[in-house]
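# Breakdown of the fold
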Amino acid sequence: MKYVRLIVDIAMSVLMYLLLSSQYTGLWLHELFGIFLIICIVIHQVLNVRWYRALPKGRYGAVRVLFTVADFALIAAIVCVIISGLARGHEILPEHIIPMDTYVATGMHLISGYLAFLLMGFHFGLHLKRVHLVPGIIISAFGVYAFIHENFLLYITGQTHFVMFHYGQPAVFYFIELLAIWGMMASLAFALKQLFMNGKRRK
């Protein structure tokens, strides 16, 4: 079961990278990857049913609150991605499986998709046992640049309803930037976790 969970987690991460790369994959593959992501998410939720059962139990210290809020924020973003994706789908899926205005669905899909990517990186960082300081700072600094260069702020704040591709940019450079952004979020999550854990020890 442990290896199944690991495989599913890796598959979801890879699919999120591919879903943010529709300028290279095209819309047909974008929708196909979205269908695969939905399947992986359903499996992931089934595998983590014990986590839901444990929510009402035990005490909630700062670290557990951080984990829980981050997890539910990611779940909410993913649910919005799925709903808006099903509302917009037309390459493979029938049109308007979920009745929603196309303009609204497009905006929701863009915001929640990029937020979900950032929150997955944050979620990953919460589970890291160690982050080396110097590489973490370098990756995070480049991640800030990539965050700006790839217009993430515009997307997650709903300031645009279309993706502004950098046409001519090699795919490998784009993926490196996505990795840096993920690394930035992971480093932020790890730093917050350490801060909360150190605060708990001082009490």
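Everything below is about the structure printed above this text.
Right, let's walk through the structure included here. In this text the structure is predicted, and so the values were computed from the model without any measurement. (Residues numbered from 1 in each chain as written. Predicted model: local features only at pLDDT ≥ 70, side-chain atom pairs only at ≥ 80, totals over all residues. Heavy atoms only, no water.)

### Side note on the packing of aromatic side chains
Stated formally: Pairing of aromatic rings covers Phe, Tyr and Trp, the last counted by its six-membered ring, and requires centre-to-centre distances within 6.5 Å; plane angles under 30 degrees mean stacked, over 60 mean edge-to-face, and any other angle means tilted. Working definition: helices are DSSP H or I runs of at least four residues, strands are E runs of at least two. Numbering for both runs from the N terminus. Accessibility here uses a 1.4 Å probe with only protein chains present; expressed as a share of the type maximum, an area under 20% marks a residue as buried, one over 50% as exposed, and anything in between as partly exposed.
Counted by the stated rule, this structure contains 13 aromatic pairs. Between Y17 and F117, the aromatic rings sit 5.1 Å apart at their centres with planes inclined by 80°, giving edge-to-face as the arrangement. In this pair, Y17 is assigned in helix 1 (residues 2-19) and F117 in helix 6 (residues 102-126), connecting sequence segments 100 residues apart. The burial state of Y17 is the same as that of F117; both residues are buried.

### A short note on the packing of helix 1 against helix 6
As a reminder, the rule being used: Axes here mean lines fitted to C-alpha atoms, for a helix over just the part in contact, with angles spanning 0 to 180 degrees between N-to-C directions. Under this scheme an angle from 65 to 115 degrees is roughly perpendicular, one under 35 degrees roughly parallel, and one over 145 degrees roughly antiparallel; angles in between are oblique. Helix crossings are classified by the rotation of the near helix relative to the far one: an anticlockwise turn of less than a right angle makes the crossing left-handed, while a clockwise turn makes it right-handed. Any pair of residues with heavy atoms lying within 4.5 Å of one another is described as a contacting pair. Ten residue types, Ala, Val, Leu, Ile, Met, Phe, Trp, Tyr, Cys and Pro, are classed as nonpolar, four, Asp, Glu, Lys and Arg, as charged, and the remainder, Gly among them, as polar.
Here helix 1 crosses helix 6 at 140°, and the two axes come no closer than 10 Å. Classified by the interaxial angle, the pair formed by helix 1 and helix 6 is oblique. Two packed elements cross with a definite hand, and for helix 1 against helix 6 that hand is left-handed. From helix 1, M12, S13, M16 and Y17 reach across to helix 6, where they touch G113, A116, F117 and M120. Of the residues contributing to the contact of helix 1 with helix 6, the split by class is 6 nonpolar, 2 polar and no charged.

### Regarding unusual backbone geometry
The phi torsion at N151 lies on the positive side, around 60°, for a residue other than glycine. By the secondary structure assignment, N151 is in the loop between helix 7 (133-149) and helix 8 (152-156).

### Describing the nonpolar core
Rules: Nine residue types can take part in a nonpolar core, namely buried Ala, Val, Leu, Ile, Met, Phe, Trp, Tyr and Cys, and a core is a set of them joined through side-chain atoms within 4.5 Å.
Residues M16, L20, F117, F152 and I181 are the most contacted members of the largest nonpolar core, which totals 40 residues. Secondary structure elements with two or more residues in this core: helix 1, helix 3 (27-47), helix 5 (62-88), helix 6, helix 7, helix 8 and helix 9 (171-202). The leading source of residues in this core is helix 6, at 9 residues. Not counting residues within four places of it along the chain, the set of residues in contact with F152 comprises L20, Y114, F117, L118, F147, L178 and I181.

### With respect to helix 1
The criterion, for reference: For a helix, the expected span equals 1.5 Å multiplied by the residue count minus one.
Between its first and last C-alpha atoms helix 1 spans 26 Å; for 18 residues at 1.5 Å apiece the expected length is 26 Å, and the two agree. Within helix 1 the residues assigned to the buried category are V8, M12, S13, L15, M16, Y17 and L19.

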